[in-house]
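Survey of secondary and tertiary structure
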Amino acid sequence: MLSRTTLTIVKPSRYLSTKGNFRYIVIMATAVLESLIFFWIILTANGNPVDPMGTSADSINTGRAGITFMLGKCPATHYYEKAQNCSHEFFENLRHGSRREVNCTEKYIILRSCMLKTFHECMRDSRLGNWISDNLRQTLVRNYLTFFGNRHLWCDRGGLDVPKYQHAGTNCDSIYPYAARECVATYQLVFNSRSSLKRLCREYNKARTCLQRNLVTHCSFSRRELFQMVEQSIEAEVNFQPFCQIPIKNPLSTLEDLLRDNTCPPRSHADVLFIVDVSKETTDDQLKSMKEAITEVTKKLTYGMSGIRAGLVQYHEKTVMSISTNRFSNKNAFLRALHRVPRIYTTRHRRYTGAALLNLAKRLSRPSGSRMYRPFHTPVWIVLSTGRNEDRSMETMELALTAMRERKIHLVQIGPTLQSNRSEYEVTYHMDDSQNFTEYCGDIMFEICQADRDYREGRHGGVSVQDLPNSLLARFNTYFLRTRVAQLPLLWEPQELVVNDFDVTPSSTGNGSVNELSTWPGFTLEEDGSDEEDMDWLSEA
């Protein structure tokens, strides 16, 4: 149930004193109609995935032009300009050449007041400002000030630091805070010294650009509008150079420029699981071709904590994890292990592709198996098969695909009996030559890169209102997105920066020798799952 303070209906006294006035009737009728529409949206959205345009997350528009970003009644560009004027005045009053004012607290109070004034001016007499209750307005102000930062950030850190908070729906890997610390270390040292404005100008630009690059490199976004907001803020800040007497032309002016050195290939953040068919119809030459294809793809992508992680699964009627994705921390160790891992024994086993995918999807989602995948990294499964699926039940593959879609796993299947097809989470390629898998290396890399972009930019998103810290903000956001408007205060919902560590086993630094592999034969999954609870899913022999 919603409280009575959810909405603040427009008060008649704000417009006129005579109740019989025609203008009053029109205004009140409009307000009531909009309130009814808003309540209908809240009731229909409750318990269902947030669907901004009423069809799918993609229908918002993949481009920035699809959504108009606003703060109250102010366009986002107008707000950014006003906020930068406040910041510029702060830095101008704080630094006079190489000399710095001693009393920074007074300057910070003026800066904070200026930012709050900008916020309230934009919210005044806006649709969002008129609709929200006083309690919700105070929440938006608190969120705004949380991202703005305290005196320590502005007076001791120069306005740039490792963020303590991130927007709800933004997920960053464990490298991000350390990379961000490296970005700002030199600038903060220069800011607190008697360095010249020219030096400050150069170091500020370098630190800000570095922070922006690491944000889009090490973080993913569960909602498309969050990614677009980051994209717009990056472009809005490119010309903000508070210490520069002569502006520096920044070659990194757009998101594409920042990601130029992080394009895929070679840069990707996916957890790639190669699932190879070793049933009775698969020859040793075909398995060798599969390994060569895996090798070629792996060599062309960055590997490690800031790149991909790769694993190998062999399957027929049973499924064996030969190399887990967290087994090796570097590319060479993985490739040595790939070529030395033995084929699992088979003389008569059939090809249970659906059973293998279903068991993997169920098992890897368990708490005991979650350490195999880095949190908030793109899961991509590549199936290399030599024939038609021979599952005992035709429903097994459908169940597997459903389980994978629920877990947002991007599936790529390559085989001679498949029909080429593409959907949101599943792609199939028909092989003309069943003996040569290396011909499809380019297609595999394309799919890995595309899945990574879609995942990190929130295209494969859609989180339910219950998944967000403040569902009321999410519902307001849903309403505005239906009109292709995104209100910045509804997206500025802070959550503490949480570092998501990825477990690397102690032996992951090994050289992948035969002796080492012999001590880790992997795990086995039964097709029917009858002995599921008796198996030690990630045990090492």
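Residues numbered from 1 in each chain as written. Predicted model: local features only at pLDDT ≥ 70, side-chain atom pairs only at ≥ 80, totals over all residues. Heavy atoms only, no water.

Going by the annotation in an unreviewed UniProt entry, the name recorded for the chain is VWFA domain-containing protein, with Clavelina lepadiformis given as the source organism.

A few words now on the overall build of the chain. When you go through the chain residue by residue, the secondary structure sums to 18 helices and 17 strands. Among the 541 residues that make up the chain, the fraction classed as buried is 55%. When contacts within the chain are restricted to residue pairs at least 6 apart in sequence, those whose partners lie at least 24 apart make up 78%. About 24800 Å² of surface is accessible on the chain, with carbon and sulfur atoms providing 51% of the total. (Helix = DSSP H or I, 4+ residues; strand = E, 2+ residues; numbered from the N terminus. Buried < 20%, exposed > 50% of the residue type's maximum accessible area, 1.4 Å probe, protein only. Contact = heavy atoms within 4.5 Å. Areas by Shrake-Rupley, 256 points an atom, 1.4 Å probe, with all protein chains shown as cover.)

The next thing to look at is the state of the cysteines. For the structure on display, the rule yields five disulfides. A sulfur-sulfur distance of 1.9 Å marks the disulfide that ties C86 to C114. Note on the C86 and C114 pair: the S-S dihedral is about -65°, so by sign convention the disulfide is left-handed. Of this pair, C86 sits in helix α2 (residues 76–94) while C114 sits in helix α3 (residues 104–123), and the two are 28 residues apart along the sequence. A disulfide bridge connects C104 with C155, and the sulfur atoms are separated by 2.0 Å. Between C104 and C155, the disulfide has an S-S torsion of -90° and is therefore left-handed. Taken together, the residues span a long stretch of sequence, with C104 in helix α3 and C155 in helix α6 (residues 151–156) at a distance of 51 residues. Of the two residues examined, C104 and C155, each falls in the buried class. (Disulfide = S-S within 2.5 Å.)

Both faces of the sheet carry side chains from a regular strand, because those side chains alternate between them. Among the seven residues that make up strand β9 (residues 309–315), seven are buried, leaving the element largely enclosed by the rest of the structure. Burial along β9 is two-sided: the residues R309, G311, V313 and Y315 and A310, L312 and Q314 are all buried. Sheet topology note: the strand β8 (residues 271–277)/β9 ladder contains seven bridges and is parallel. Looking at β9, one finds that V272 is bridged to A310. Two strands pair when backbone bridges link them, and β9 and strand β10 (residues 319–323) are joined in this way by four bridges, in the antiparallel orientation. Considered in β10, the bridge of Y315 is made with T319. Two successive antiparallel strands, β9 and β10, enclose a turn made up of three residues. (Pairing = 2+ DSSP bridges.)

This part covers the sheet that holds strand β2 (residues 74–75). Taking strand neighbours across the sheet as the criterion, the three strands line up as β2-β1-β15 in an open arrangement whose pairing is mixed. In the strand order of this sheet, the two ends are held by β2 and β15 (485–487), each with one partner. Examined bridge by bridge, strand β1 (residues 68–71) and β2 share two bridges and lie antiparallel to one another. Directly across from M70, in β2, lies its bridge partner P75.

Attention now goes to the side chain of Q241. For Q241, the position within the fold is in the loop between α9 (224–237) and α10 (255–258). Apart from residues lying up to four places away in sequence, Q241 is in contact with N205, P247 and I248.

Two elements in contact, helix α8 (residues 197–218) and α9, have axes whose closest approach is 11 Å; the angle formed by their N-to-C orientations is 165°. In terms of orientation, α8 and α9 fall into the roughly antiparallel class. The crossing of α8 and α9 is left-handed. In contact with R208, Q212, L215 and V216 of α8, α9 contributes V230, I234 and E237. In terms of residue class, the contact of α8 with α9 is made up of four nonpolar, one polar and two charged. (Axes fitted to C-alpha atoms, helices over the stretch in contact; angles between N-to-C directions. Parallel < 35°, antiparallel > 145°, perpendicular 65-115°, else oblique. Left-handed = near helix turned anticlockwise from the far one by under 90°. Nonpolar A, V, L, I, M, F, W, Y, C, P; charged D, E, K, R; others polar.)

This paragraph deals with the environment of C104. The exposure class of C104 is buried, given its relative accessible area of 2%. Between the C-alpha atoms of C104 and L94, which are 10 residues apart in sequence, the distance is 6.9 Å. With residues near it in sequence (within four places) discarded, C104 still touches F90, L94, R151 and C155.

A separate point is α2. Helix length check: α2, at 19 residues, gives a terminal C-alpha distance of 27 Å against a target of 27 Å (1.5 Å per residue), a fit within 8%. Within the span of α2, buried status applies to A76, Y79, Y80, A83, Q84, C86, S87, F90, F91 and L94. For α2, the angular spread of buried residues about the axis comes to 155°, placing them on one side. (Expected span 1.5 Å × (residues − 1). Arc of directions from axis to C-beta.)

Generally speaking, soluble globular proteins have nonpolar side chains that are buried together. One finds Y79, F90, Y187, F243 and L488 to be the most contacted residues of the largest nonpolar core, which totals 73 residues. The contact partners of Y79, leaving out residues within four places of it in the chain, are L71, M115, T118, Y144, L488 and W492. Listed in part, the 40 residues of the second largest apolar core include I308, L312, I323 and V427. (Core = buried A, V, L, I, M, F, W, Y, C linked by side-chain atoms within 4.5 Å.)

This part is about the pattern of salt bridges. Under the defined criterion, the tally for this structure stands at 10 salt bridges. Residues D161 and R157 are paired through a salt bridge, measuring 3.7 Å at the closest nitrogen-oxygen approach. Ionic pairing is found between E281 and R351, a salt bridge with its closest N-O pair at 3.0 Å. Note that E281 is positioned in the loop between β8 and α11 (284–299) and R351 in the loop between α12 (331–340) and α13 (353–364), a separation of 70 residues in sequence. (Salt bridge = Lys/Arg side-chain N within 4 Å of Asp/Glu carboxyl O.)

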